[in-house]
Amino acid sequence: MIVVVDTNLVFSSIANTEGTISDLLLNFSQIFEFYSPSSLLDELDTHHKKLIGLTGFKEAELNFLIRSILKKIDIIDIDSIPTATRLQAIKLMENVARFDAPFIALAIALNSILWTGDKKLIKGLSNQGIDWLLDTASIKKVRDEHL
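Predicted model, so just to flag it, every value in this text is computed and none were measured.

Side note on the packing of helix α1 (residues 7–15) against helix α2 (residues 20–27)
Two numbers describe how α1 lies on α2: the axes approach to 8 Å, and their chain directions differ by 105°. Between α1 and α2, the crossing angle belongs to the class labelled roughly perpendicular. Taken together, the residues of α2 that come into contact with α1 (itself represented by L9, S12 and S13) are I21, S22 and L25. Classifying every residue of the contact of α1 with α2 by side-chain character gives 3 nonpolar, 3 polar and no charged.

As structure tokens, then:
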């Protein structure tokens with residue numbers, strides 16, 4: 001199953017290495033093909049010091065963890081997504097959260113689901129008839145069905 005992973009899930013997996021999100025990202029590549037747009041890397045860089053503060057990890061430990069997680073996620077250059085698809089995503093996100101538009105665009109381009117923990121995003125897009133968003137409980141259920 002192709003799954004676009006948003007930033008909040010990657011942050012959660014870093015903050016709680018023993019949690020469900022980390023487990024799903026690191027251990028179930030036989031069930032899920034994870035993707036994210038290249039903007040994920042920018043967000044990780046922007047919030048790097050915050051992640052150090054949240055986790056208490058040393059720089060090298062945090063970098064190792066980020067690399068381990070990113071090995072499980074195919075990063076797609078946002079510029080490789082057709083402009084029309086990016087514009088469609090921006091339009092969908094007008095009243096939700098524009099900064100998530102690259103993740104929406106990638107999910108549209110890959111004809112995949114978007115795995116997010118952002119309740120505002122799920123609600124905002126669900127109100128527009130979008131049904132290809134899954135939360136962690138739903139992804140875990142998919143995993144359990146494949147075990």
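Focus: the packing of α1 against helix α3 (residues 39–46)
Axis separation between α1 and α3 bottoms out at 10 Å; the angle between their running directions is 45°. With respect to α3, the axis of α1 lies oblique. The chirality of how α1 crosses α3 is right-handed. The residues of α3 that touch α1, namely those facing T7, V10, F11 and I14, are L40, E43 and L44. Here the residues of the contact of α1 with α3 are counted per class, giving 5 nonpolar, 1 polar and 1 charged.

A look at the pairing of strand β2 (residues 33–37)
Along any regular strand the residues' side chains alternate between the sheet's two faces. With 4 of 5 residues buried, β2 lies mostly within the body of the structure. Examined bridge by bridge, β2 and strand β3 (residues 73–76) share 4 bridges and lie parallel to one another. Directly across from Y35, in β3, lies its bridge partner D74.

Side note on helix α7 (residues 101–110)
Counting buried positions along α7 yields 7 of 10 residues, so the element is predominantly enclosed. Remark: N111 follows α7 within two positions and exhibits a positive phi of approximately 50°.

Quick notes on the pairing of strand β1 (residues 2–5)
Both β1 and β2 contribute to a ladder of 3 bridges, which runs parallel. Across the sheet, the residue bridging to I2 is E33, located in β2. As paired strands, β1 and strand β4 (residues 113–115) are joined by 3 bridges and run parallel to one another. Looking at β4, one finds that V3 is bridged to I113.

A closer look at the packing of aromatic side chains
Under the definition given, this model contains 2 aromatic pairs. With a centroid separation of 5.8 Å and an interplanar angle of 35°, the aromatic rings of F34 and W115 are classed as tilted. With a gap of 81 residues between them, F34 in strand β2 and W115 in strand β4 connect regions that are remote in the sequence. Of the two residues, F34 and W115, neither departs from the other in class, the shared state being buried.

Rules used in this analysis
Residues numbered from 1 in each chain as written. Predicted model: local features only at pLDDT ≥ 70, side-chain atom pairs only at ≥ 80, totals over all residues. Heavy atoms only, no water. Axes fitted to C-alpha atoms, helices over the stretch in contact; angles between N-to-C directions. Helix = DSSP H or I, 4+ residues; strand = E, 2+ residues; numbered from the N terminus. Parallel < 35°, antiparallel > 145°, perpendicular 65-115°, else oblique. Contact = heavy atoms within 4.5 Å. Nonpolar A, V, L, I, M, F, W, Y, C, P; charged D, E, K, R; others polar. Left-handed = near helix turned anticlockwise from the far one by under 90°. Buried < 20%, exposed > 50% of the residue type's maximum accessible area, 1.4 Å probe, protein only. Pairing = 2+ DSSP bridges. Phe/Tyr/Trp six-rings, centres within 6.5 Å; stacked < 30°, edge-to-face > 60°.

Distances and angles like these do not, on their own, reveal function.
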